[in-house]
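# Coordinates in review
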Amino acid sequence: MAQKLQPPRGTRDFYPEELRVRSWLFAHFRAVADGFGFEEVDAPVVEHEELFTRKAGEEIVEQLYHFELHGRRLALRPEMTPSIARMVMARAGSLPLPARWFALTQNWRYERMTRGRRREHYQWNMDVWGEPRITAEAELIGAIFALLDRLGVPRDAVRMRLSSRALLEETLRAGVLARRPEAFAPLCVVIDKLDKIGADAVVDLLTDPQGKVQLARPDAQQVVDWLGLRDLETAAEGLAADAAPRAQLAELFDWLDAYGVADRVEFDTSIVRGLAYYTGTVFEAFDTARNLRAICGGGRYDRLLQTLGGPALPAVGFGFGDVVILELLQDLGSLPELPRELDAVVFAFGDAERPAAIRLAAQLRGAGERVELVLANAKLKRVLADASRSGALRVYLVGPDEVTHGEALVRDLASGEQSRHPLPV
RNA sequence: GUGGGCGUAGCUCAGUCGGUUAGAGCACCAGGUUGUGGUCCUGGGGGUCGGGGGUUCGAAUCCCCUCGCCCACCCCA
């Protein structure tokens, strides 16, 4: 096939059967968001580049699709959160808080392709703005599991891993970062790679004299060791008993228990996320078999609005992509069969009957039916075969006799039974 | 970015020690005379064998280059 006829690498065409799957998934995203009382928002896919550029060495910023037009530097959004933050900021004074917003957006990232990563993907984004309590995290995590349940993902097929950057930050400030608090964000970006590049490589990056963190080697090793902890009490040992992060995480698990999902969430200090703006809770969900990349991820970013020049407004949110979850459902054999849905086919034998057929189709459509009108003067045999294949329930036949008697012949394609339906005048 | 595998019809593939007009199944289209589908029968359209160059009397087949896809690694949300 000619190269120009293919979509650019990492992008997808959606044929009807593929779009049905996507729409099915999106419908569940929306249904859960609606059920949780969230309102849908949208924003342009093209934004000013500076909305996304931060200086913490994040890949997401280095992989921007960007360009310059008439002196303006623009970029395709790599994620939705900054755009929503911009929208929140513009109405910060009048927005009833907490605001619960969700979005279903296509995001762009210029990166090398592997399984589960494309240059374009859709993401379901849910955010709570203006709620400092960890009840917001619990609600969002509850929504994620509500979605997985709706999609038919077995209860034990996905687990959420969760930690707190605040816990990490307080621990580090009491220790290796006591005099260099500004190194915290870049440090998070580095240690997010632990799972992917290994402990030794992370220590190398943390101690890199050219890097942004520049820890001493024993200090770096100490950080990596801490990231191996899986128990909240041990991880919080360096902190006061009433330290906020520690108490909040304990509280969160109480709420998650009430949502009935506490057993599906585990504390894991190695979860830090690769984005610089997170300040508190961070979480990611994975397939239990660990065959795939993270299914979704999110966290608290209480200072993002200030970073963009707005007021202090706490926020929590998550992004849930379409690619990994569909791969998981495929692997689990949980993708439903989604045939085309068509109620009726209306067929005029010839142009003499066509006006009557058009009026009949209009009547049925007015009643909410999905109706395909046969456009050619085809043979009846062909019409029935096509209608059958298309999944239509009924065929309305409008021939000379039917027009004469003012009644269409209705054939039920499943049973073969025929009845009559008055033609509209 | 590195290594490996693969590109032949819309799809899945066969064909390759170089040799007439390149094949199958599925799909598609048309017939099987009157206004009745899923089956069946018959027929048909469709391929610059990913692209370019080379070797040769002759290339889908051999060589070089290039593009694309897949897997692993590398890199990383």
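The structure this text deals with has already been given above.
Everything in this summary refers to the structure shown in the same document. Predicted, not measured: the structure shown is a model, and the values here were computed from it.

## A look at the protein's contact with RNA strand B
In the neighbourhood of RNA strand B, 33 residues make up the surrounding shell, with R109, R117, R273, R389 and L413 lying closest. A breakdown of the atoms of RNA strand B within 4 Å of the protein gives sugar and phosphate a share of 46%. One of the side-chain nitrogen or oxygen atoms of E284 is found 3.0 Å away from a base nitrogen of RNA strand B. A distance of 2.9 Å separates a base nitrogen of RNA strand B from a polar side-chain atom of E402. If you list the elements that add at least two residues to the surface near RNA strand B, you get α7 (194-197), α15 (380-390), α16 (400-405) and β15 (407-412). In terms of residues, the surface near RNA strand B owes the most to one element, α15, which gives 7 residues. Here the surface near RNA strand B is built from residues that sort into 10 nonpolar, 5 polar and 18 charged.

## Points about the sheet that holds strand β7 (residues 158-164)
Taken in spatial order, the 8 strands line up as β1-β5-β6-β11-β10-β9-β7-β8 in an open sheet, and their pairing is mixed. Each edge of the open sheet is held by one strand with a lone partner, namely β1 (39-40) and β8 (265-267). Both strand β9 (residues 281-287) and strand β10 (residues 296-300) contribute to a ladder of 4 bridges, which runs antiparallel. Paired with V282 across the two strands is G299, which belongs to β10. Lying over the sheet, helix α13 (residues 322-332) contacts β6 (120-129), β7, β9 and β11 (315-321), oriented at roughly 50 degrees with respect to β11.

Scoring rules and cut-offs
- Residues numbered from 1 in each chain as written.
- Chains lettered and ligands numbered in written order.
- Predicted model: local features only at pLDDT ≥ 70, side-chain atom pairs only at ≥ 80, totals over all residues.
- Heavy atoms only, no water.
- Near = heavy atom within 4 Å.
- Polar contact = N/O pair within 3.5 Å; in protein donor to acceptor, adjacent residues only side chain to side chain.
- Helix = DSSP H or I, 4+ residues; strand = E, 2+ residues; numbered from the N terminus.
- Nonpolar A, V, L, I, M, F, W, Y, C, P; charged D, E, K, R; others polar.
- Pairing = 2+ DSSP bridges.
- Contact = heavy atoms within 4.5 Å.
- Axes fitted to C-alpha atoms, helices over the stretch in contact; angles between N-to-C directions.

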